[in-house]
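Listed here are the chains, written in short residue letters.
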Amino acid sequence: MLIAIEGIDGSGKGTQAARLVENLEDEGYSATLLSFPRYERTFFGRAVGRFLNGEFGSLADANPYLVSLLFAGDRFESRDDLEIATQEYDIVVLDRYVGSNIAHQGAKLEESARAGLVDFVETLEFKIYNRPRPKLNILLDLPAETAQTLVGRKQTRNYTAQSHDLQEADGAYLDAVRRMYLTLANGHDRWTVVECVRQETLRSIEEISAEILQTVLQAAKS
């Protein structure tokens, strides 16, 4: 079973994905984690790092259809690792997956043009590259302003020396990505939304991870 953890930059995907693997193991499941992009592991992952570091121009300069090829290519190169993981473990947790590609690239387009981008990415990733669909996408929903503050507290990443990469530095863009994610999740049975902020207060890591675990355990039994 594939479980994808999604959300805008700074929403805690990496932390929650790692905690989910640990919690699933405590529940008796064998579980493992794959994180995308794989900046150091694949040709396309290194290209994604260069894009996020601003080497290919600004967000406005980069055509979202072309950028989507970089992220999809990274997953295509990782196909053997993903296939082995699905054979050896009960549950494979993914820190970002196809939903991330759709949300980030779709956010750059006018609403009327987004359906075409969604179809393009889904056809590319699921049909041409034959990537498996996750049983569940868990969206960690967080306001963009809060996310940017949390990104600033991250340790240095291996693909950039900057505190905020190209996407993280643009608050309006992050807000558009958040809204795109919520549109994807709305009314779709393969998506569930976990609120990271309630009554204007950031929920604890433990509280969020407990909700995620219960959601995944329920999906595993269905």
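Heads up: the structure comes first, above all this text.
Let us look at the structure shown here. These numbers were taken from a predicted model, which means no experiment stands behind them. (Residues numbered from 1 in each chain as written. Predicted model: local features only at pLDDT ≥ 70, side-chain atom pairs only at ≥ 80, totals over all residues. Heavy atoms only, no water.)

### Observations regarding the sheet that holds strand S2 (residues 31–35)
For the record, the criterion: The rule for pairing is simple: two strands pair if DSSP sees at least two bridges between them. The helix and strand labels rest on DSSP assignments: H or I over at least four residues marks a helix, E over at least two residues marks a strand, and numbering proceeds from the N terminus. To get an axis, fit a line to the C-alpha atoms, keeping to the stretch in contact for a helix; angles then go from 0 to 180 degrees between the N-to-C directions.
With parallel pairing, the five strands of this open sheet are ordered in space as S2-S3-S1-S4-S5. Where the open sheet ends on each side, the last strands, each with one partner, are S2 and strand S5 (191–195). On average, adjacent strands in this sheet sit at an angle of 20 degrees to one another, irrespective of strand direction. One ladder, built from four bridges, connects strand S1 (residues 2–6) with strand S3 (residues 91–95); its direction is parallel.

### Description of empty space enclosed by the protein
Threshold: In this analysis the probe radius is 1.4 Å and the grid spacing 1 Å, with only protein atoms considered; a cavity is a set of points the probe fits into but cannot get out of, a pocket is an open set with protein on both sides within 12 Å along at least five of seven lines, and lining residues have an atom within 4 Å of a point. Grid points are joined across faces, edges and corners, and a volume is the space filled by probe spheres set on the points.
Applying the stated criterion to the full structure yields one cavity of 30 Å³ or more. Empty space within the largest cavity amounts to approximately 40 Å³. Considering the residues around the largest cavity, the lining is formed by Phe36, Pro37, Phe71, Asp74, Arg75, Arg96, Tyr97, Ser100 and Asn101. The element best represented in the lining of the largest cavity is helix H3 (residues 64–77), accounting for three residues.

### Let's talk about a positive patch on the surface
In plain terms, the rule: Nonpolar side chains (Val, Leu, Ile, Met, Phe, Trp, Tyr) within 5 Å and like charges within 9 Å form the patches, drawn only from residues with over 30% relative accessible area and no salt bridge. A 1.4 Å probe and the Shrake-Rupley method give the accessible areas. Residues count as covered only by the protein chains that appear here. Salt bridge criterion: a side-chain nitrogen from Lys or Arg within 4 Å of a carboxyl oxygen from Asp or Glu. Positive charge is attributed to Lys and Arg, negative charge to Asp and Glu, and no charge count is given to His or to the chain ends. By convention, the charge on Lys lies at NZ, on Arg at CZ, on Asp at CG and on Glu at CD. Exposure classes here rest on a 1.4 Å probe applied to the protein chains alone. A residue is buried below 20% of its type maximum, exposed above 50%, and partly exposed in between.
Taken together, the side chains of Lys127, Arg133, Lys135 and Arg190 present a region of like positive charge at the surface. By secondary structure assignment, the location of Lys127 is in helix H6 (residues 114–128). Lys127 gets classed as exposed once you look at its relative accessible area, which sits at 61%.

### A closer look at the layout of surface pockets
What counts is decided by this rule: For this classification, the nonpolar set comprises Ala, Val, Leu, Ile, Met, Phe, Trp, Tyr, Cys and Pro, the charged set comprises Asp, Glu, Lys and Arg, and every other residue, Gly included, is treated as polar.
Reported here for the second largest pocket is a volume of approximately 280 Å³. As for the second largest pocket, its lining consists of 15 residues, and the residues nearest its centre are Glu122, Phe126, Arg133, Asn137 and Trp191. When contributions to the lining of the second largest pocket are tallied by element, the ones reaching two or more residues are helix H5 (98–106) and H6. Here the lining of the second largest pocket is built from residues that sort into eight nonpolar, three polar and four charged.

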